[in-house]
Every structure is written in C-alpha cells, then in structure tokens.
Protein chains: 4
Amino acid sequence: MRYSLFGESHGPAIGIVLQGVPAGLDIDLDFIASEMARRAPGGSPLSTARTEKDAVRILSGVFEGRACGTPLCGVIENTDTRSRDYAATRWLARPGHADFAANMRYKGFEDYRGGGHFSGRLTAPLVFAGSIAKLALRRMGIEILAHIRSIAGIYDAPLDLASPNPGQLRSASHTAFPVIDELRGEAMRQAILDARSDGDSVGGSIECLALGLKAGLGSPDFDENVESIIARHIFAIPAVKALEFGAGTTFASMRGSQANDPFVPSDNTPVTSTNHNGGINGGITNGMPIAFTVTIKPTASIALEQDTIDMQSGKAARLAISGRHDPCIVPRAVPVIEAAAAIALSELPGVLA
Amino acid sequence: MRYSLFGESHGPAIGIVLQGVPAGLDIDLDFIASEMARRAPGGSPLSTARTEKDAVRILSGVFEGRACGTPLCGVIENTDTRSRDYAATRWLARPGHADFAANMRYKGFEDYRGGGHFSGRLTAPLVFAGSIAKLALRRMGIEILAHIRSIAGIYDAPLDLASPNPGQLRSASHTAFPVIDELRGEAMRQAILDARSDGDSVGGSIECLALGLKAGLGSPDFDENVESIIARHIFAIPAVKALEFGAGTTFASMRGSQANDPFVPSDNTPVTSTNHNGGINGGITNGMPIAFTVTIKPTASIALEQDTIDMQSGKAARLAISGRHDPCIVPRAVPVIEAAAAIALSELPGVLA
Amino acid sequence: MRYSLFGESHGPAIGIVLQGVPAGLDIDLDFIASEMARRAPGGSPLSTARTEKDAVRILSGVFEGRACGTPLCGVIENTDTRSRDYAATRWLARPGHADFAANMRYKGFEDYRGGGHFSGRLTAPLVFAGSIAKLALRRMGIEILAHIRSIAGIYDAPLDLASPNPGQLRSASHTAFPVIDELRGEAMRQAILDARSDGDSVGGSIECLALGLKAGLGSPDFDENVESIIARHIFAIPAVKALEFGAGTTFASMRGSQANDPFVPSDNTPVTSTNHNGGINGGITNGMPIAFTVTIKPTASIALEQDTIDMQSGKAARLAISGRHDPCIVPRAVPVIEAAAAIALSELPGVLA
Amino acid sequence: MRYSLFGESHGPAIGIVLQGVPAGLDIDLDFIASEMARRAPGGSPLSTARTEKDAVRILSGVFEGRACGTPLCGVIENTDTRSRDYAATRWLARPGHADFAANMRYKGFEDYRGGGHFSGRLTAPLVFAGSIAKLALRRMGIEILAHIRSIAGIYDAPLDLASPNPGQLRSASHTAFPVIDELRGEAMRQAILDARSDGDSVGGSIECLALGLKAGLGSPDFDENVESIIARHIFAIPAVKALEFGAGTTFASMRGSQANDPFVPSDNTPVTSTNHNGGINGGITNGMPIAFTVTIKPTASIALEQDTIDMQSGKAARLAISGRHDPCIVPRAVPVIEAAAAIALSELPGVLA
C-alpha cells in the first residue's frame, strides 16, 4: 500500500488516495467509523471544542462493499471552518508550528489558515487509510494496538513486550483515553486540566504494538528495513519528535548481557524470553511483537503569550493563540500512530500476500 | 544522492554505488581517507583487534580527480577474514544479532560468516559514501558534526542546540574517542574496559548536528519530510534503536510554553532562542541547526555464555562468542552516523543545487 | 511532479492528486477549462454521444488562485452513468479491452461497469493534471504541442522536427480535429465515418513536440532518462501500443550517415540541422525539439459481433457492443498525449527550477 | 529486482548491483558465461575488432553457488582500453552520440573517453544482470527469446505472436547472428558488409517474446503497468529509439474488427486466437505471449566524415571517426534486449513469488 494525502484545514476538503488495497477486501464501514471516532474531537474538556464532522466519502476503489483493487480515495469535506480567526495573525509565526518553515518553503503562497496542510486535521484521512490497512492486516492475523505510555511525566502501566496482553490493550483502545491503568490515567487527565487552566499544554508518549507478524519480513536495505519504513511514516505525523524500538533509549545504559534477547525453543518458530529489540533485528522481523514508542511534543498552540516575529517585517512581536485547541493531543494521537503503523506494515513485501 | 550498498563480511568485497554525485565535485582522497580512518578498528583495547584494510578502490564516477556525474562505485576488498571461526556455530542464533531473522528471510541461504551482509563492516562503504556527500555539502556551506553523547549512562557535556560551538565538535571529531569533555570521556572508557573485562559490552548514544542548512527545505510529505528521510537512513544502520530530534523524548514531560522555540529577529532570516525542535518544523528546515540523537545498543557479540537455540533442530543451546569484537561500538559509530546524515541531507531537493 | 489517479467510470467520482506543483503558480481556470474541453466528447458524429460534464472541483493545493505548494486534488463527479447497460454482459470479456486481464488481476472484484478504472474517462483527470503541468512549464518557456499524425493510414502533413512551426500546431490544437492539413483531415474524418457506418472503428497516431527545453536535462539512468520517463507515462494511457522518438521505426532502415544529426554552430547553444533523434541523446536533452509519435489502436468497443468467452463458464460466446462509443479516439487523445508529456517533463529534475 | 549500473568505458571497471535476487537461486556460471558470450564482440567482420574480456567477478550476493538474497554485485575490469584514441577529438561532438548532451549535463566534467558511461560497453553488465533475472524467471517457467526482426530494411521470417515456436527462437539465439530464416540473415549480413565498405553503418529492429507469464500481472498505474515497466528499461538501452507492443505501429491503419484479439475457450485460462495486443491489456498480462519490437538506430560511429562543432569554441568542424566500431550493433543487441526484458519482468510484483 502507498498513500497520497491532500488537503488544507480550511480548504474545500481533505482526503487521501490509497494504492494497493487488496481486491476483495471487505470495506467494513462500521469499523472505519469507529476508528474515525477514536480520533475525532469530542466534547470533553480534554480536547478541542471544535465539532468536526469527519464523515468520509469514498470516491473510488470500492465496489459492492469490497475493495476493487484500484486506488481508493476517501474525502472529508471541511465544514466547520472559521477562517476569520486566522487573517489577523497571518504573518505572526506561531512558535512550535511550521508557519515559518512553510513560509520559507512555499514562498508565502501557503494556505496559512489553521495551519493549512500542516493542521492536525490532516490526520483524519490518515486514520481512514489506517483503518483500511488494519482491515487488510486483520485478514492476515495481524493486529495493531497502542496506548498512552505517558503524559506530562506520568506513566501508564508498563507492557511486557515479550508476551503482551492484547485483551487489555483492546479494552483500553475502546475508551476516549486509552490507558491500561485507570488510576494513572486519572492523574494524566488532571495534569492536562492543570495545563489547560494555565493556558498551557503538555506532551507525552504512545506505545504501539504490532502482533502476528511472522519472522523474516523486511530487509537490511533502507527501502525495506522494517524500522526505516515505520520511521518514515511515523515522523511524517505532526508533533512526533522521537521514535524508539523495543527498549529504545534505555539501550544506551544497558550491557549486552541484559540487552540481548535470549532465544528459547517453542512449538512453532523459536521465541525470545525478552523483547528488548522490539521484534526487529537487522531490519527484519523476528516473529516477536513489534514494539515502538513515539514521543509527542506538547500542543504548540497555547493561550499564553509568546515571543515571536512578524514574517513580513522581520520585527519582534507578541502572540497569544486564542482558538480552540487541545491542551494535549496525545489521547487523540493514539489511533493516528496505529494508523501510520498499519500503513507502514502494509507496505512491507510479503505481509499482505 | 542515492546509494546501493553491497557485500558480505567474508565475501570477496564490500562496496557502494552512489548516484547523483554532482559533476565537478573535487574528490578529495585525503579527506575520504581521514573519514575512513575515524571508523576503522584500531589497536586500542577499546576496539576489535582486527586490522581491516579499508582502502577503497574507486571503480567509476571519478575522472581526473573530480566526480564526472555518473554513478560512483567504491569497493573494499575483504582480506583479513577468518571464515573458520564461524562454521562451528553456523546454526546457533546469536542473541541480539540478525542471524535468526536473516535465516527466516533468506531461507537458510544467507552468508552467515561474520554476520554476512549484516556485519558492522558494511558501515565502511557507508562512511566512504558519506565522505563524498560531506564534500558535496561542504561546497554548499553545510557541515555535519557528531560526538558521543553517552556511554553506559555517562554523559558528555551537553550541547547548546541553538548556538552550538562547531570548533569544539571539530576538535573532538579528530580524536579516536570523540567527546567534548575529556574527563567524562575517561569515565566512559573505564566503563568500556570494565564491561570488556566482564566479557560484556555497553551501549550509548550519539548526538549529531547539521549546520548551515537554509530554511525551507523538505516537505510534510513522508517522501520529502526531513525527519522521515533522516530516520529512514539512520535506522538502516546496524545497532540503532532510537532516534530523537531536538529535545526528543524529553518533550513528553514538557509543557508547550517550554517546548515552543520563540522566534527572535535576526540580521538574516529569523532565528529561535531555543532549538528544542532540532531545526525542523512540519518536516521542513527552519534554518536552525538540525540536531538529533541516536541510541546505539550494546555490542551483541559478548564473551559471556548465553541461552539460544540451534536453528536446525530448534533445540536449546548455549553460546559464548569468542571472536574479536568491540566491547562498545559507539566511538566508531560516530562517523557512521555523520555519514548517514550527510547522505540523507544530500537527498533533500534543493540542498545541493 | 508526481500524480496519483483514481476513480472508476461508474463510481461516485474520478480524480487525481498532483504533488510538487510549484508554490505560487497561477492556476488559470480558463486555460484548464479549455484543455478539458479539447478532450471532452462533443456532439460531433465523430465522437461518442455521451455528454459528460467534466467540471473539475479543486479540493486542495490552491489558495487565492495560486498553487500553495501542497498536493493539489481535482475531482470530477460521475453523473451521466447508465450502469444498467453493463450488467447483462458482465462476464463477457470484450475483445481488445482489459476486462479479462483485470478479472484475473482483481479476482473478479473489479468494478466492471463501463471498464471501471480502465475507462477512457480516466483520461479526463489526466488532462486536468496535464493542464497544470503545462502552466508550470509555460513559466519556464516550454510548450507542448501535438497533432493527429495519421488515422486509418491517412497522414497529416509532415513536421520539420528540426525547425517546426509552433503557430501552425497551436492553430490546429484549437480545433476539434487537430490536423495541419485540412484536406487530409477531411479524408481522415471520412475514414472514421466509413468505419462507423460499418459498425467498426479505426486507429491512428499522434505526433507530439516539446519546445523550449534546454540541453542537458535527464540522465542515462532509467529513473531519469528522458525517453524512459516519457515512455513510462505514455504507455500508461489506454490504447497506446507504440512509442517512437524522432525518426522512430524508420531508423531501422537508415544508414548512420543519414541518421546522425550533424551539429551546426548557432548563436546560443549549437543546434543540429536534422532532428532524427527527437531532441534526446543518451537519455539527455540536446536542446532540439523533443519529438515523439504515439500509436493509438482502434477503439476496442465496436458494434460488429465478435467471438469471445464467458469468464465465469469459460465457454464460447458472441458479443456485439451496443453502447455509445467513439469510432476513433485519436482526435480526443491528442490533449491526453500532451498532458502525459507535460507531466513527464515536469518530473525531470531541473525543468521547473 | 532493481539494478544500479556503474562504470565508464575507459575507467577502472564497469559493473552492476542487483537487488532482490531470490535467496537460494542457483547462480549457473556456465549459463551466465554463455549469455555474456552472445553479446561479446567477436572476430567476425560484422563486429568490432576489440577483444574485450567480459569476465565478470561476482563481489557479493552469492554464497556457495547460490544467491544469498542480499545485493549481488558483478564487476568487469576494463583492460583493452586505448584512451589515446580519444584525447585528440575530445571537444568534437560526435553526431548521433551523447557527447554534446552529456557535456551540457555534466558541465564538461564527464569522462569523454570512448563515450564514458554512455558506451555500449555498459550493456555487458546489463547482460550479466539479465542472465541472473533469466535464471530466476526460468524457475517460474518463464522464458525470454528474441531475434533480429530486420536490418537495413531486410526482414527475418515473421513470428506467429499467438502461438510462436520457441524451439525455432532458441536455435536462433545460439548463433552469432540470431535469425530464423538463414537466407534472409545472409542478405542482412551482406547489407552490413556493404555499409562497412562504405564507411557507414545500418540500423534494424529486434523482436522479443516473453513466454510463460500467467494472466493478471501488472496494473494500469504507471508504476506497475507492464508496458510502462518494459518501456522504462528498454529506452535506457543506448541506440533504442522505438518500442512497439504486439502489432505496434500497424495498429494505426487497422480497424477494430481486425485489431481486437477474439477470446477462445481453452483447457486452462482462455486464450486469444490472435495476439495483436502482445499479451498485455490495460497494463496487465492476459496470459498470451508478451511480444514487443525495438528499433535500434544505426551505429553512430562511422568512418565517413561528418559535420559537427567544437564544443569549446562553438565553431564548425569536420570529424571522421577512425576507431574500431560495429557497422551494425543489432546482432549484439539481441541479448541486451532480452536482458532488459528479463529485468523488467522480474520487477513486476507476483512474477518471482
């Protein structure tokens, strides 16, 4: 599979074209809607007050309820857009946002309203595409599950990467705030509300597993390396700033005798008793769960006044962002990370066939 | 630029083909040799006793000392190979290595000797290609500099990502153990020797900067996103398990008011007073130094006996790896990370032209 | 530029996503409409009676009348569709069409109505994308012009490939039947009407020029070879079965002394006195007009009864195709060939920058 | 499979890296040598007097006689090179060659000796790679066979594209002058000798078949379209100027009732009674033989004096090319076309797996 994402936050519509959907795949619209709902902004004080209608209209690639094998295009109309919010601050580069970089890249012709193509809203079609990738992976016995690993320094219960409990993650994923340990979730929510009341925002991290991939997929070459492919897709998601496989950054202070995953005999293919390597060695799956953690930076849009510049005059300015913004996007980013993982793994030769 | 890497540790030769080298580029053989020397194993107790001759023979793409614009192939003959070391343990999957994953991927036909194509030795042609990419970038005023950020939990002096001191890093890079703070370097070396005397190994991290890139390079699309492109190349390097841009994983516990980089007026393009975002917003350069940190896992080959399986019988086995191995590959990985960064940035449209 | 085409003839909509449109490009809607009109079916007895409304709705990538640099999506709704025409003959493989090949490729899940994704209707979004590519090329002084070279064995006036007359081609392109010599055009039209009255169809060829490309674009490598890039796009157009550059197939009976294009001094870069090579040597432009000819096979849909098989039973069957079909698609294919050429050349590094 | 070709005619060596060779493939060195011999210049008056030793040294990707799955690099050293031949005429653009285009592309830094990277000699590693692709295709029951279709306007016996005789083609391919009809071959040879004695050269065409591909491979999308993929590779071969599938250019004067291939029932998948479409509909194989014809222009290097320019001064000059050159490269190009076809088809998803 390969996707092509399009749209600006305040343009006519946003959408995605997905190539390589297996012909005959049952396009389960209920499942797709449930995935979209996981990402959609709700009425919760934890998320933006915007009520986007993320109804996807499928323009192509589906016939009589099944993928017909040709490119699948899904489109979401932009309806609740308030462009007037943005004109006044058009030339003020919002710190932490891509405004300035985009202004240099597109020479001032970018659609600046609401972040344009850089808006988090563009993750809606990504979740749509991811839900189709998940349907295709499910047919092969592969499941993608993620949870909030941390918010504002508060950590969810740790996962056992060598033998995770999928039921636990599945239950968590059906909630608006996907954590395993509800008590820690409550503390995270409090930290978000605290930031919100300060006119500020908080960051966090998401842990994602892919279960059911057989050993021997991928390659050391950067075009087929499982870690490279996942990384390429994950870093294209706005606000992602770090990616760790398995034990990730903690490898830096480990010894080899701790870090190496010992092999143990098993009925089918051998397994490892630990899974520090996150299911991947040399860019190739080893049959253990694929496990990675993504760091999401704090929402860049905050109510607190910040130093910035006017991009036209180059002069110093002050900016307080007044719009409707999530004080923490981590909960809503969970299905987005899953979607990117699903698309990335669908791209791996041998996974869907 | 785009490369194609080939070779097995104990095959006839290893090498690389590099496409897109700008015609007319002065192929400075002394610079290339100095880069190769930074990665080469030395006689130090900190690294392997193997004395590879990493002399690169350039087969094509260079004419009268300059790149002629057509694909450049560099080859390194394999001479000091002791294949007999490996036959006895052919079917024992070395924990932490790609042996088992490769065995599944290549159905038992892989060249298992010394890790074959997965050997760290394959990073030699990568450094060769990187040195050519560096020469091309240097013409555009771009410099890539890295240092050891940590080994075994001991950290080098921190860098100021918003206004780093290139001279400091350049000096460090000329040493066999590239750290800024020699005292901390000494502590790291002691940690390596301790691990070595225990028959064990240690991991660490490398911090890399790219200086001189103008704002506006890259794109949010995963094919041109600066973070995606760097990630794709970095994760194809053996032993890399995490990648962080700017503040990286620490974003997870930050607030937006800390994390956002305030813009300040400047003579030329505006700058930011902090550089938590590592020079990249929305996949596009913002003109600040590109900064990322890579986690390198501990050397998988250790002398301590480990649990494993025999891949033919599937039965449990014990394995102690006796060969010549670095107890810590982090120092030698520094030029490798720089090389991958140089190649990745050379691939970005607009950088070399 | 790179495009992603989607849609089925009788699905909700067809469209295209175009990446790499230069930011700031004036999206001249009148020009786009005039290009679309050139391909659209008219009321002429020479073309189908279908009255498609090819109004393109631009969903993204355009802001305040200019390309904003992010992916541009254009969508055409399908309105005049008569799906009932197709159900009765669903399993009869139409000779000369992709029905059988698609049935094998997509395992029976393809949208068979009106040829689905294989319909000539999919060339409408291609012309849309081509018109944008033409606008971008025009800024660089590059023009794409094509005419009908032959229909049913009747040839238009030959072009002088070394110094063609652009005005002549521009005038022809504004007509519904783009030929240079009106008398020969009249003979072609008669041949089409004759075929039509026989319930049959005719093929032909199209000659296309690209003027204004500087010398030194492209590469011998298949990924950047000008002939390879053009070929890749041209052969993706339905009904194209041959592609010739410059003197094309006549090279086979030429001698070197005739075939070689002698260089002659010129005020700017040197030129050649003939242009048998069609402006390309070794995959690289030489500054002369790029010239190629495309063979279009006769419309596969004919009213005459044909032998075929039922794809379900595998048994022999007879089929007469009753719908509304062009007895010759060559006139309407002229802007399609131009569009593919424009897109192909926009993909060449160095053309738009 | 994907290849990366490198080398200049008078540089140290030429070669190729081939990715995606199936692990376990028996690398039959005798077969490879026999393929190389088909392309090698002989002592015949029909070809160049150069006696290149095209011995390929395999540097990687083969272990114990079989492909080990990682990139396979083959290198041919350049030994019989007479660089002194070229220096005197360094700045004279040889008509019909890429000298001028390359000079513009590579800004004068190109290796001009013997055509550098543009030399026909670069087809040697291509034949090497093609022979490996053929071995991989052979395991899947696929065979590639070509013959000289015409030289100097003299045609070999026509093939029946719907039911060709593979034995006939196999026999022809074992000869130095692969034609089916020896009498016509004799006439071709005479035409070559005539051209040679005139200091001139002749062109021709090659017809190539691929037998044994199942129906349903490929896609309408230009990245997977069978015609697009073949075209991309074929046009990257020096001297190729036209490509026709099936009936090719003759479609232009056919009617639909002649051109359409009627389906007829068959024991296995249905077949067509004619094969004007050359085994491909809508970019997808239909199970019939793939058939295409390639036009090869006359050798550009001729002894006759030609008009040209001096690329440094821009002034008119005269040039007679004195070196050793084939008066017709068509016979030696037959295995090259087969090689490109084999590589192209190996790239198609589903062919090798």
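In this text the structure is predicted, and so the values were computed from the model without any measurement.

So, how was this worked out
Residues numbered from 1 in each chain as written. Chains lettered and ligands numbered in written order. Predicted model: local features only at pLDDT ≥ 70, side-chain atom pairs only at ≥ 80, totals over all residues. Heavy atoms only, no water. Helix = DSSP H or I, 4+ residues; strand = E, 2+ residues; numbered from the N terminus. Rg over C-alpha atoms; globule rule 2.2 N^0.38 Å. Buried < 20%, exposed > 50% of the residue type's maximum accessible area, 1.4 Å probe, protein only. Contact = heavy atoms within 4.5 Å. Buried area = accessible area lost by both parts, 1.4 Å probe. Salt bridge = Lys/Arg side-chain N within 4 Å of Asp/Glu carboxyl O. Least-squares fit on C-alpha atoms with pLDDT ≥ 70 in both. Pairing = 2+ DSSP bridges. Axes fitted to C-alpha atoms, helices over the stretch in contact; angles between N-to-C directions. Phe/Tyr/Trp six-rings, centres within 6.5 Å; stacked < 30°, edge-to-face > 60°.

Participant: Would you mind showing me how to read the overall build of chain A here?
Facilitator: Summing up its helical and strand segments, chain A has 9 helices and 17 strands in all. For chain A, whose C-alpha radius of gyration is 21 Å, the value lies close to the compact-globule estimate of 20 Å for 353 residues. With the C-alpha coordinates aligned to their principal axes, the bounding extent of chain A is approximately 65 × 50 × 35 Å. Within chain A, the proportion of its 353 residues that are buried is 65%. Within chain A, residue pairs in contact and separated by at least 24 positions form 73% of the contacts whose partners lie at least 6 positions apart.

Participant: Can you walk me through the interface of chain A and chain B in this structure?
Facilitator: Interface size is commonly expressed as the accessible area that is lost once the parts come together. Each partner contributes residues to the interface: chain A has 92 residues there, and chain B has 92 residues. The three residues of chain A that bury the most area against chain B are Phe-222, Lys-241 and Phe-263 of chain A, which together make up 12% of that side's buried surface. Along the contact surface separating chain A from chain B lie 10 salt bridges. Close ionic contact of Lys-241 of chain B with Glu-227 of chain A constitutes a salt bridge, the shortest N to O distance being 2.7 Å.

Participant: Just to check I follow, could you spell out the pattern of salt bridges for this structure?
Facilitator: Once the charged atoms of two side chains with opposite charge are near each other, the side chains can pair. The final tally for this structure, using the stated rule, is 84 salt bridges over all chains. The partner of Arg-2 of chain C in a salt bridge is Asp-223 of chain D, and the shortest N-O contact between them spans 2.5 Å. Here the residue Arg-2 of chain C occupies a position in strand E1 (residues 2-7), and Asp-223 of chain D occupies one in the loop between strand E9 (204-211) and helix H7 (226-234), the pair thus bridging two chains. The exposure class assigned to Asp-223 of chain D is partly exposed, which follows from its relative accessible area of 33%. Of the charged contacts in the structure, one is a salt bridge between Glu-186 of chain D and Arg-189 of chain D, with a shortest N-O distance of 2.9 Å. Here Glu-186 of chain D pairs with Arg-189 of chain D, and both are found in helix H6 (residues 182-197), just 3 residues apart, close to one helical turn. Through salt bridges with shared partners, one network takes in Arg-2, Arg-232 and Glu-347 of chain A together with Asp-223 of chain B.

Participant: What is the right way to read the relation of the copies chain A and chain B from this model?
Facilitator: Each of the two chain copies can be brought onto the other by rotation about an axis and movement along it. Between the two copies, chain A and chain B, the superposition gives an RMSD of 0.0 Å; the rotation angle is 180 degrees and the shift along the axis is 0.0 Å. Here the copies are linked by what is in effect a two-fold axis. A high fraction, 100%, of the interface residues of chain A reappear at the interface in chain B, so the copies pair face to face through one surface.

Participant: What is the right way to look at unusual backbone geometry in this model?
Facilitator: Apart from glycine, the bulk of residues carry a negative phi angle, and the bulk of peptide bonds sit in the trans form. Residue and element names in this part refer to chain A. Backbone geometry places Glu-64, a non-glycine residue, at a positive phi of 55 degrees. If you check the backbone angles, Lys-107 has positive phi at about 60 degrees while not being a glycine. Here Lys-107 shows up in the loop between helix H3 (99-105) and helix H4 (123-139).

Participant: When you look at the sheet that holds strand E6 (residues 72-77) of chain A in this model, what are you seeing that I'm missing?
Facilitator: One key point about sheets: their strands pair by backbone hydrogen bonds, in either a parallel or an antiparallel sense. Residues and elements named next belong to chain A. Taking strand neighbours across the sheet as the criterion, the 4 strands line up as E1-E2-E6-E3 in an open arrangement whose pairing is antiparallel. Each end of this open sheet is capped by a strand with a single partner; those strands are strand E1 (2-7) and strand E3 (57-60). Neighbour-to-neighbour, the strand axes of this sheet turn through a mean angle of 20 degrees, independent of strand direction. Relative to strand E2 (residues 13-19), E1 runs antiparallel, the two being bridged by 6 bridges. Across the sheet, residue Phe-6 finds its bridge partner in E2, namely Gly-15.

Participant: Any chance you could explain the packing of aromatic side chains here in plain terms?
Facilitator: Both the distance between ring centres and the angle between the ring planes are used here to describe each pair of aromatic rings. All told, the structure shown has 24 aromatic pairs over all chains when counted by the stated rule. Note on Tyr-112 of chain A and Phe-63 of chain C: the rings are 5.6 Å apart at their centroids and 80 degrees apart in plane angle, and the pair reads as edge-to-face. Within this pair, whereas Tyr-112 of chain A is found in the loop between H3 and H4, its partner Phe-63 of chain C is found in strand E4 (residues 62-63), the two belonging to separate chains. Here Phe-63 of chain C falls in the buried class, since its relative accessible area comes to 10%. Aromatic side chains Phe-245 of chain C and Phe-292 of chain C sit 6.0 Å apart centroid to centroid with 55 degrees between the ring planes, which places their arrangement in the tilted category. In this pair, Phe-245 of chain C sits in strand E10 (residues 240-245) while Phe-292 of chain C sits in strand E15 (residues 290-296), placing the two residues 47 residues apart along the sequence. The same class applies to Phe-245 of chain C and to Phe-292 of chain C, which are both buried.

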